[in-house]
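Observations on the three-dimensional arrangement
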Amino acid sequence: MTKKVAVILSGCGVYDGAEIHESVITLLRLDQRGAQVQCFAPNIAQMHVIDHLTGEQMPESRNVLVESARIARGAVKDIREAKVEDFDALIVPGGFGAAKNLSNFAVEGANCSVQPDVLALAEAFADACKPVGLICISPALAAKIYGPGVVCTIGKDAGTSAAVVKMGGTHEECDVHDIVEDVQRKLVTTPAYMEAKSISEAASGIYKLVDRVLELTHEND
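Note on numbering: residues in each chain are counted from 1, in written sequence order. In keeping with the predicted nature of the model, local features appear solely for residues at pLDDT of at least 70, side-chain atom pairs appear and are counted solely at 80 or more, and the whole-chain, interface and lining totals rest on all residues. Computation of side-chain values covers all heavy atoms of the structure but excludes hydrogens and water.

Looking at the pattern of salt bridges
- Between Lys or Arg on one side and Asp or Glu on the other, a salt bridge is scored when a side-chain nitrogen of the former is within 4 Å of a carboxyl oxygen of the latter. All told, the structure shown has 10 salt bridges when counted by the stated rule.
- When the shortest N-O distance is used, the salt bridge between Arg-185 and Asp-182 registers 2.9 Å.
- Each residue is assigned to one of three classes by its accessible area relative to the maximum for its type, calculated with a 1.4 Å probe on protein chains only: buried under 20%, partly exposed between the two thresholds, exposed over 50%. On the accessibility criterion, Asp-182 (4% relative accessible area) is buried.
- In this structure, a network of salt bridges that share partners links the residues Glu-60, Arg-62, Glu-67 and Arg-70.

So this is what it looks like as structure tokens:
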């Protein structure tokens, strides 16, 4: 039975959007496993635009949905069109877009808030007890979605993990090749480029995350 998975993108590019390697690896693994995928993104302006060659901020504005279409080859929808009942699972790749566009974690840290449309969809998956995979920096939002006690990982970065704990999350250190699962909440997380030194290292954990998320969708079959 084909499983349907929603993937939330946050733009295009590690410094101001979705991490491209993580996003493509996620989409590749989902396709390899026979899942049916629909990408979504909020139809909002990016926090800012970064020149990925120089690292400098650029004097222009870009739209998160429009930029996400670059990764999805145009096959992306406004997140407000997403309905939890249409999908079996949700996955959110990382990149600074998760901390700048899907939330304001990059600026506010533990005092952050999640973009309302993103939060509404993620909470709907949580309430329905459907599997969710959060990758790289995206698990920093877990406590805002699930509430206190949620178990997750961002790897081993002390500052980010401290913010997770301050928000009420339970952080577990994790190797780049592995995943952390909150069994009760059906939440799976992996560090990816929070720890990865190469694309293959990032892929090893992401493949495990996608495989586990899909396994969890079959629990009630």
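Structural notes on the pairing of strand β6 (residues 89–92)
- By the criteria applied, helices consist of DSSP H or I runs no shorter than four residues and strands consist of E runs no shorter than two, each listed in order from the N terminus. Alternating positions in β6 separate into two faces, Ala-89 and Ile-91 on one and Leu-90 and Val-92 on the other, with burial throughout.
- Across three bridges, the pairing between strand β1 (residues 4–8) and β6 is parallel. Across the sheet, the residue bridging to Val-5 is Ala-89, located in β6.
- Strand pairing is assigned whenever DSSP identifies at least 2 bridges connecting the two strands. Relative to strand β7 (residues 132–135), β6 is paired through three bridges, and the arrangement is parallel. When the sheet's bridge partners are listed, Leu-90 is paired in β7 with Val-132.

Points about the state of the cysteines
- Disulfides are defined as cysteine sulfur pairs within 2.5 Å. The tally for this structure, following the rule as stated, stands at zero disulfides.
- Lacking any disulfide linkage, Cys-112 is separated from the closest cysteine sulfur, that of Cys-152, by 12 Å.
- With no disulfide of its own, Cys-129 lies 17 Å from the sulfur of Cys-152, the closest cysteine sulfur.

Considerations on the side chain of Glu-22
- Looking at where Glu-22 falls in the secondary structure, it is placed in helix α1 (residues 20–32).
- Asp and Glu are treated as the negative residues and Lys and Arg as the positive ones, with His and the ends of the chain left uncounted. Despite its burial, Glu-22 remains without a salt bridge, the nearest opposite charge being carried by Lys-197 at 12 Å.
- Not counting the four nearest positions on each side in its chain, Glu-22 is found in contact with Pro-93, Gly-94, Gly-95, Ile-135, Cys-136, Ala-192, Tyr-193 and Ile-206. Residue contacts are defined here by distance: any two heavy atoms, one from each residue, within 4.5 Å place the two residues in contact.

Looking at the packing of aromatic side chains
- Any Phe, Tyr or Trp ring, taking Trp's six-membered ring, that has another such ring centre within 6.5 Å forms a pair; planes under 30 degrees apart are called stacked, those over 60 apart edge-to-face, and the others tilted. Per the counting criterion, the structure on display carries one aromatic pair.
- A ring pair is formed by Phe-40 and Phe-87, whose centres lie 5.6 Å apart and whose planes are at 85°; its orientation type is edge-to-face. In this pair, Phe-40 sits in strand β2 (residues 36–41) while Phe-87 sits in the loop between β5 (76–78) and β6, placing the two residues 47 residues apart along the sequence. As far as burial versus exposure is concerned, Phe-40 and Phe-87 are alike and both buried.
- Two conditions define a charge sitting above a ring: the NZ of Lys or the CZ of Arg must be within 6 Å of the ring centre, and it must be within 35 degrees of the ring normal. One cation-aromatic arrangement involves Arg-29 over Tyr-207; the distance from NZ or CZ to the ring centre is 4.4 Å.
- The lysine or arginine in question, Lys-100, covers the ring of Phe-96, its NZ or CZ lying 4.9 Å from the ring centre.

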